[in-house]
There are 2 protein chains.
Amino acid sequence: MKAAILAIGSELLGPDRLDTNSLELTETLERHGVELVSKQVVGDDVERIERVLRQLAADADLILVTGGLGPTADDVTREGVARATGRELSEDPAIVEEIRRKFAAFGREMPEVNRRQAAVLAGAEVLENPRGTAPGLLLEHEGTTFFLFPGVPTELQGMVAHRLEPWLAARRPRPPRARRILRVACLPESRVEELLEPVYARFGALGILASPGDIRIRLEGASAAELEAVETATRECLGSAVYGTGAQSLEEVVGDGLRRRGLTIATAESCTGGWIAQRLTAVAGSSDYFVGSVVAYSDRVKREHLGVPREILERCGAVSPEVVALMASGVAQRLGSDWGLAVSGVAGPGGGTEAKPVGTVDVALFRAREEPSRARLRLPGGRATVRLLATQWALDMVRHALREEAG
Amino acid sequence: MKAAILAIGSELLGPDRLDTNSLELTETLERHGVELVSKQVVGDDVERIERVLRQLAADADLILVTGGLGPTADDVTREGVARATGRELSEDPAIVEEIRRKFAAFGREMPEVNRRQAAVLAGAEVLENPRGTAPGLLLEHEGTTFFLFPGVPTELQGMVAHRLEPWLAARRPRPPRARRILRVACLPESRVEELLEPVYARFGALGILASPGDIRIRLEGASAAELEAVETATRECLGSAVYGTGAQSLEEVVGDGLRRRGLTIATAESCTGGWIAQRLTAVAGSSDYFVGSVVAYSDRVKREHLGVPREILERCGAVSPEVVALMASGVAQRLGSDWGLAVSGVAGPGGGTEAKPVGTVDVALFRAREEPSRARLRLPGGRATVRLLATQWALDMVRHALREEAG
């Protein structure tokens, strides 16, 4: 079964509003294993609605329409469906009475315009709307099923739960597919693609969703066993680059690892300006392992509060492996944590040199009884991206160190 | 001129993502007086892309396509447009070289898959993408103009500004309306609505776009003079709640104010965990006025690195006006800044008490030669929202103090 979503309303074509109703509908369709082939938004234009509905009906078995069921002249969804299906609209006196009752319950008389909401397509079933005046409609026409829902989110949600859910459950187009998301840090999308070639070859395409420094890989299988086979193959290709699953964030995974090993951490940040601390503390309960941070935006703070000697700052520069190593050990010693994570870099747009262009970032991780970890990165992008990627690489360094500790 | 937007990407049909790029495009079209007739999302399916493009071309003169220009096998936008227009795709060696250079700049070799991004439609103009590897394409075909943009928001935004804007301006379907956005911090949307009643009465509805702690008000006028009248009326209603215009962020406005007065600032953060420092340092050149931060997530750090006496921590609690006042003066003294901004609060989900429920946040601003500012907030929402709102209120306290200084 293939579905399409059509949201109707000129306000959804402006720069301030998105059709967020479609997320709810999408989630419902996905859960029942229905493939969504397109989402579309059109304005309150009856001819365009007619044309688009005809196009969608050629491509989808199920069309979910939201919006345009209000009482005013620009609510033309009913007319658009009538034209697209060649069916008559006629007023249902029972609905008029129902709307009248709803107004009366608030001590008001029904405005005459609301009669429009009682228009029913020939052959359609009326979907009650307990949360508003506009009833929905359900119509089967030449092999395509049309659901017409109001656009008000709370009204829509109630009707999806009470009418669309049971309709889908009764048809159960196919058993819902097993799904899982794997998360990967600090590899470029194209590299992930290359690594996954053997999985493609065996199982077909995977869904890959990339954001800076973080990639989500969506795995699917017809059964739990098939999903597990895909997951095993994927993990074999990517190894330790997989940091988590589902909605897990890198900071959660790092936090869990620290807590499990009874370790505490502090950060010393220059170019990231507190962002690593912000991410670590975004996780509830992070005070179990996060002690604090020194954001050292001036050399004076690096000297006086992290103990980096002036001589080394002058000789090596604030962005250098030597200085970040001292920042990392300094913050751990002074804040009394087991581990210390430090970052210093050139985030841009200014401050780059030939030897240290914008995007140059040094990261160091001090660990009480181990050799420190270090990396010099060359990160792409503008100031915001360089800073974000620096936090990602730094947190991932902690994750790898935790894996080492675990053996 | 009529336009349609088509976003391509199977991930945009899932329950987690909306096509937010269309807002930017819509705003640009609206400013140039181009009517948007539909927005659509389809997955990475070359046949469906072809079919939908043919349908849209029958209805629109300008088609803006986003996404699907990546290097991987499921990036099929170029192929879809090639089929819909019957044009050949061929590799442009100059683009291959350009992509190779971009990888080399980061010391990496271009993966072979990235060659796909060098495929150009016959007759199309290549749109340079300074922020990524995927170039865009501009094609005029049988009376319809196709723009192909990458789906990565920052890349898209750059190309809209440098290529779509001038293209629209040169055609100028109707004189663009004068527009301006005013930005308001720390007022609820319903309060802004109330305050703006006189403006509505005189000029009609304004566009109001609310996000937590930050509201954008979109003003319009047929001429610069009319816009100015609307703006004057709006500012009269909102007074000092307006912190900036357009894309200005609160941290930029605060940073400008500090720089203009030759002042420096440091932050001492507990529940915000470095987020205020992160926001201040997101602004290029912030080292002119931002010295550093102590993220004091443990009482020990509050004592040893901010000088808050143990006795006061025990008597008043870490979330108290007394403690944040000492944190604010402590961080200014120890890091050597003129001003010190401190925040401590209960971000949740745990840690709330009857006297100090989740959402209780104390903020203090120490200023060398003035009375300190203080506030106790009761912020709504979950952990992430409480933390975000706390950074917003704290920065806005600095803004108000800067206004005071200015007299």
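All residue numbers refer to position in the chain's written sequence, counted from 1. As a convention, the first chain written is A and the first ligand written is 1, with the rest following in written order. Under the rules for a predicted model, residues below a pLDDT of 70 receive no local features and side-chain atom pairs below 80 are neither given nor counted, while totals for whole chains, interfaces and linings still include all residues. Excluding hydrogens and water, the side-chain figures rest on all heavy atoms present in the structure.

Student: Explanation requested: the overall build of chain A in the structure shown.
Tutor: Helix numbering and strand numbering both begin at the N terminus, where a helix is a DSSP run of H or I of at least 4 residues and a strand a DSSP run of E of at least 2. A tally of helices and strands in chain A yields 14 helices and 17 strands. Contact between two residues is taken to exist if any of their heavy atoms lie within 4.5 Å; hydrogens are not considered. Sequence-distant contacts, at least 24 apart, represent 66% of the contacts inside chain A between residues at least 6 apart. Per-residue accessibility takes into account occlusion by the displayed protein chains alone, with areas from the Shrake-Rupley method and a 1.4 Å probe. A total of about 16,500 Å² of accessible surface is found on chain A, and carbon and sulfur atoms cover 49% of it. Positive charges come from Lys and Arg alone, negative charges from Asp and Glu alone, with His and the N- and C-terminal ends not counted. Taken as the charge location is NZ of Lys, CZ of Arg, CG of Asp or CD of Glu. Measuring between centres, the 50 positive side-chain charges of chain A sit 5 Å from its 57 negative side-chain charges.

Student: Just to check I follow, could you spell out the packing of helix α11 (residues 299-306) of chain B against helix α13 (residues 321-335) of chain B for this structure?
Tutor: Angle between the axes and distance between the axes are the two parameters that describe a pair of packed helices. Residues and elements named next belong to chain B. Lines fitted to C-alpha atoms define the axes, with helix axes restricted to the stretch in contact, and inter-axis angles between N-to-C directions lie between 0 and 180 degrees. As a packed pair, α11 and α13 sit with axes 9 Å apart at the nearest point and diverge in direction by 45 degrees. It follows that α11 is oblique to α13 by the angle criterion. You can see that α11 and α13 cross each other, and the crossing is left-handed. Counting all contacts with α11, which are made through Lys302, Glu304, His305 and Leu306, the residues of α13 involved are Val323, Leu326, Met327, Gly330, Val331 and Arg334. The residue classification treats Ala, Val, Leu, Ile, Met, Phe, Trp, Tyr, Cys and Pro as nonpolar and Asp, Glu, Lys and Arg as charged. All others, Gly included, are polar. Here the residues of the contact of α11 with α13 are counted per class, giving 5 nonpolar, 2 polar and 3 charged. Angle categories are assigned with fixed cut-offs, so that under 35 degrees is roughly parallel, over 145 is roughly antiparallel, 65 to 115 is roughly perpendicular, and the rest are oblique. The crossing is said to be left-handed when, going from far helix to near helix, the turn is anticlockwise and less than a right angle, and right-handed when the turn is clockwise.

Student: Whenever I open this one, the interface of chain B and chain A confuses me. Can you help?
Tutor: The interface of chain B with chain A comprises 73 residues on the first partner and 70 residues on the second. Note on definitions: buried area is the accessible-area loss of two parts on being combined, 1.4 Å probe, summed for both. Across the interface of chain B and chain A, roughly 5,600 Å² is buried in total on both sides, 55% from carbon and sulfur atoms. Polar contacts here mean pairs of N or O atoms no more than 3.5 Å apart (in protein, one a potential hydrogen donor and the other a potential acceptor; neighbouring residues in sequence count only if both atoms are side-chain atoms). Seen at the junction of chain B and chain A, the total is 29 residue pairs in polar contact (both at pLDDT 80 or more). When grouped by side-chain class, the residues that make up the side of chain B that touches chain A number 29 nonpolar, 24 polar and 20 charged. Across 5 bridges, the pairing between strand β14 (residues 290-296) of chain A and strand β14 (residues 290-296) of chain B is antiparallel. Along β14 of chain B, the bridge assignment pairs serine 293 of chain A with valine 295 of chain B. Two strands are counted as paired when DSSP detects at least two bridges linking them.

Student: Explain the packing of aromatic side chains to me, please; I cannot follow it from the model alone.
Tutor: Residue and element names in this part refer to chain A. Pairs were defined over the aromatic rings of Phe, Tyr and Trp, the Trp ring being its six-membered one, requiring ring centres within 6.5 Å. Orientation was assigned from the angle between planes: stacked under 30 degrees, edge-to-face over 60, tilted for the rest. Inspection of the entire model under this criterion finds 6 aromatic pairs over all chains. Ring geometry for phenylalanine 147 against phenylalanine 149: centres 5.5 Å apart, planes inclined by 20 degrees, an arrangement best described as stacked. In this structure, arginine 367 is placed above the aromatic ring of tryptophan 339, and the distance from its NZ or CZ to the ring centre is 5.6 Å. Whether a charge lies above a ring is judged from NZ of Lys or CZ of Arg, which has to be within 6 Å of the ring centre and within 35 degrees of the ring normal.

Student: Could you clarify how one ought to interpret the pattern of salt bridges in this entry?
Tutor: Close approach of charged atoms lets side chains of opposite charge pair. Counted as salt bridges are all cases of a side-chain nitrogen of Lys or Arg within 4 Å of a carboxyl oxygen of Asp or Glu. Throughout the structure, instances matching the rule amount to 61 salt bridges over all chains. A salt bridge links arginine 180 of chain A to glutamate 231 of chain A; the nearest nitrogen and oxygen atoms lie 3.2 Å apart. Placement of arginine 180 of chain A in strand β9 (residues 178-185) and of glutamate 231 of chain A in helix α8 (residues 224-238) is noted, with a sequence separation of 51 residues between them. Taking the relative accessible area as the measure of exposure, glutamate 231 of chain A reaches 11% and is therefore buried. Residues glutamate 231 of chain B and arginine 235 of chain B are paired through a salt bridge, measuring 2.9 Å at the closest nitrogen-oxygen approach. Taken together, the positions of glutamate 231 of chain B and arginine 235 of chain B, both in helix α8 (residues 224-238) and 4 residues apart, correspond to about one turn of that helix. Residues joined by salt bridges that share partners form a network here, namely Glu30, Arg179, Arg218 and Glu220 of chain A. Here the term buried applies to any residue with accessible area under 20% of the maximum for its type, exposed to any over 50%, and partly exposed to those in between, with areas from a 1.4 Å probe on protein chains only.

Student: Hey, could you run me through the sheet that holds strand β11 (residues 214-221) of chain B in this one?
Tutor: Pairing between the strands of a sheet comes from backbone hydrogen bonds, and it takes one of two forms, parallel or antiparallel. Residue and element names in this part refer to chain B. One open sheet holds the 4 strands; their spatial order is β10-β11-β9-β12, and the pairing between them is antiparallel. Sheet topology places β10 (207-211) and β12 (242-245) at the edges, where each strand pairs with a single neighbour. Across the sheet, the mean angle from the axis of one strand to that of its neighbour is 25 degrees, orientation sign disregarded. Note: strand β9 (residues 178-185) against β12, 3 bridges, orientation antiparallel.

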